[in-house]
Amino acid sequence: MMTNRKSLQVGRQTGRIMPAVFRYRMLITIFVLLVVSGVFCGSAAADNPDVQTAQNLSDALNLTTDSGDGAAYVNGAGKVVLLQDVLLNYTINITAQDPITDSITLTANESNDFTIYRHFGDGFLFTVNSGTFILEGNNGHNLTVDGNKTTNYGSNGNSLVYVDGGEFNMSAGSVLQNSITPYYGGGVFMNSGIFNLTGGTIFNNTADYGGGVYVSGGTFNMTGGTISGNTASYYGGGVDVKNSGTFTMNGGTISGNTASYYGGGVYVVSGGMFTMNNGTISGNNANCYGGGVNVSGGSTFTMNDGMISNNTAVFGGGVCVSGGTFTMNGGTISGNTAYSYGGGVYVCRGTFTMTGGTISGNNAYSYGGGGVYVDGGTFNMDGGTISGNTAY
């Protein structure tokens, strides 16, 4: 009988313990599900949000603050207004509901300059996949997107903006700056779609190719603004245009950029197309070829007007044609310096055709060709003027 009582007591204790074990397991399971769904981990819910409306963008920016609000709001005009500096620790994907008619505008505060800083490693800050994304200043104040290059986040990031099918617009008071990437396009990487630069600045960015902007596809229209102070470890200090990419320059300035090898200001290669109708490419430097512009295999550069001036390189201070075609119908190539050959223009492969415009006031040191030096390829002169150049 004693044995039966002990067995009965043990059975009763086990009956009490088992439900508790199940309860603990259930609580753990619920907690894990909540964490995965983002209830206890706000960053998980915010990772790479798809933004289809202005309110979506405001919400995504507000998630970066401790309180969950106060970083931005949507004003009466439907624009997202930045209210404070933001440390952005994820990519925001612009995927507007209607890819043709929908646009989302991020604008500066009318009373202060504010900045969105990169706060994570490898990855774009914004991707534009459909619809239109607009950055603009407000009442003389700047809206800045900053790669935060003084921190570890700035040394291994990616482009600040990646355009792949949508439309990206920058107007006066918008700034893209301080991005470092070991890849393509420190400021902007265009794979497809449209980029309209009507104002604003792309400044002090670094990439292997296209320190300021890399155009691998799509269309870049520049009517104003500045691309300046950018660096390419290899090609295209200001801009690198290749493959099916097209660049039309109707105004604005590409200046003070540097490339270690080719194209201090602009590098066009492998099927890229650049048309210059106005604007200025000036004060750029290439440590090897094409201080202002380098045109290479299979690409075209058409100069109808504008100025390529005060650029420097070892070969081709203003322009180097190392393949492809450069057609000069108008405009001016002046005040450029080559430390070896071709102060204004150096042709080593490809074709330079001059039907108008002026090549003047350029200088070449060490060897020759103050205005033009042809070291291979073809130079056709059907019009225009070459004068007042100097070779030492």
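The present account deals with the structure reproduced in this document.

Scoring rules and cut-offs
- Residues numbered from 1 in each chain as written.
- Predicted model: local features only at pLDDT ≥ 70, side-chain atom pairs only at ≥ 80, totals over all residues.
- Heavy atoms only, no water.
- Phe/Tyr/Trp six-rings, centres within 6.5 Å; stacked < 30°, edge-to-face > 60°.
- Helix = DSSP H or I, 4+ residues; strand = E, 2+ residues; numbered from the N terminus.
- Buried < 20%, exposed > 50% of the residue type's maximum accessible area, 1.4 Å probe, protein only.
- Lys NZ or Arg CZ within 6 Å of the ring centre and 35° of its normal.
- Contact = heavy atoms within 4.5 Å.
- Disulfide = S-S within 2.5 Å.
- Salt bridge = Lys/Arg side-chain N within 4 Å of Asp/Glu carboxyl O.
- Patch = residues over 30% accessible without salt bridge, like charges linked within 9 Å, V, L, I, M, F, W, Y side chains within 5 Å.
- Areas by Shrake-Rupley, 256 points an atom, 1.4 Å probe, with all protein chains shown as cover.
- Pairing = 2+ DSSP bridges.
- Axes fitted to C-alpha atoms, helices over the stretch in contact; angles between N-to-C directions.

**Concerning the packing of aromatic side chains**
Enumeration over the complete set of coordinates arrives at 35 aromatic pairs. Ring centres of Tyr-289 and Phe-315 lie 4.9 Å apart, and the angle between their planes is 20 degrees; on these two criteria the pair is classed as stacked. In this pair, Tyr-289 sits in strand β27 (residues 285–289) while Phe-315 sits in strand β31 (residues 312–315), placing the two residues 26 residues apart along the sequence. Residue classification places Tyr-289 among the partly exposed positions, given a relative accessible area of 22%. The residue whose ring lies beneath Arg-118 is Phe-120, and the NZ or CZ to ring-centre distance is 5.6 Å. We note Lys-242 situated over the ring of Tyr-209; from NZ or CZ to the ring centre the distance is 5.3 Å.

**Here we look at the environment of Thr-65**
With respect to the helices and strands, the residue Thr-65 is situated in the loop between α3 (54–62) and β2 (72–74). Setting aside anything within four residues of it in sequence, one finds Thr-65 in contact with Ala-71 and Gln-84.

**Comments concerning the state of the cysteines**
A complete count under the given rule lists zero disulfides for this structure. Unpaired in terms of disulfides, Cys-288 finds its nearest cysteine sulfur in Cys-320, a separation of 10.0 Å. Left unpaired, Cys-320 is separated from the closest cysteine sulfur, that of Cys-348, by 4.6 Å. Cys-320 sits in the buried class, given a relative accessible area of 0%.

**Section: unusual backbone geometry**
The general pattern is negative phi for most residues beyond glycine and trans for most peptide bonds. The backbone of Asn-178 shows a phi angle near 60 degrees, a positive value even though the residue is not glycine. The residue Asn-178 is located in the loop between β12 (174–177) and β13 (188–197) in this model. The phi dihedral of Asn-204 is positive, around 60 degrees, even though this residue is not glycine.

**Details of the pattern of salt bridges**
It is possible for side chains of opposite charge to pair when their charged atoms get near one another. Scanning all chains against the criterion turns up two salt bridges. In this structure, Lys-79 engages Glu-136 in a salt bridge whose closest nitrogen and oxygen atoms are separated by 2.9 Å. Of the two residues, Lys-79 is situated in the loop between β2 and β3 (80–82) and Glu-136 in strand β9 (residues 132–136); the sequence distance between them amounts to 57 residues. Look at Lys-79 and you get partly exposed, because its relative accessible area is 28%.

**Let's talk about a nonpolar patch on the surface**
A cluster of nonpolar side chains, contributed by Tyr-339, Tyr-365 and Tyr-392, occupies part of the molecular surface with about 340 Å² of accessible area. Of note, Tyr-392 is situated in the segment after β41 (390–391).

**Some details on the sheet that holds strand β23 (residues 258–259)**
What the eight strands build is an open sheet, ordered β15-β19-β23-β27-β31-β34-β37-β41; its pairing is parallel. The outermost strands of the open sheet, each flanked by one partner alone, are β15 (206–209) and β41. Here strand β19 (residues 231–235) runs beside β23; their pairing, made up of two bridges, is parallel. Counted as the bridge partner of Thr-231 is Thr-258 from β23.

**Some remarks on the environment of Val-175**
Note that Val-175 resides in strand β12. The class for Val-175 is buried, based on a relative accessible area of 10%. In the structure, Val-175 is positioned 60 residues away from Thr-115 in sequence and 9.1 Å away in space, judged by C-alpha atoms.

**Regarding the sheet that holds strand β18 (residues 226–228)**
Read from one edge to the other, the open sheet built from 12 strands follows the order β4-β7-β10-β12-β14-β18-β22-β26-β30-β33-β36-β40, with strand pairing classed as parallel. Unpaired on one side and paired on the other, β4 (86–88) and β40 (385–387) mark the two borders of the sheet. Neighbour-to-neighbour, the strand axes of this sheet turn through a mean angle of 10 degrees, independent of strand direction. Of the pairings in the sheet, the one linking β18 to strand β22 (residues 253–255) comprises three bridges and is parallel in character. Of the residues in β22, the one forming a bridge with Ile-227 is Ile-254.

Note that all results are geometric; they support no functional claim without further evidence.
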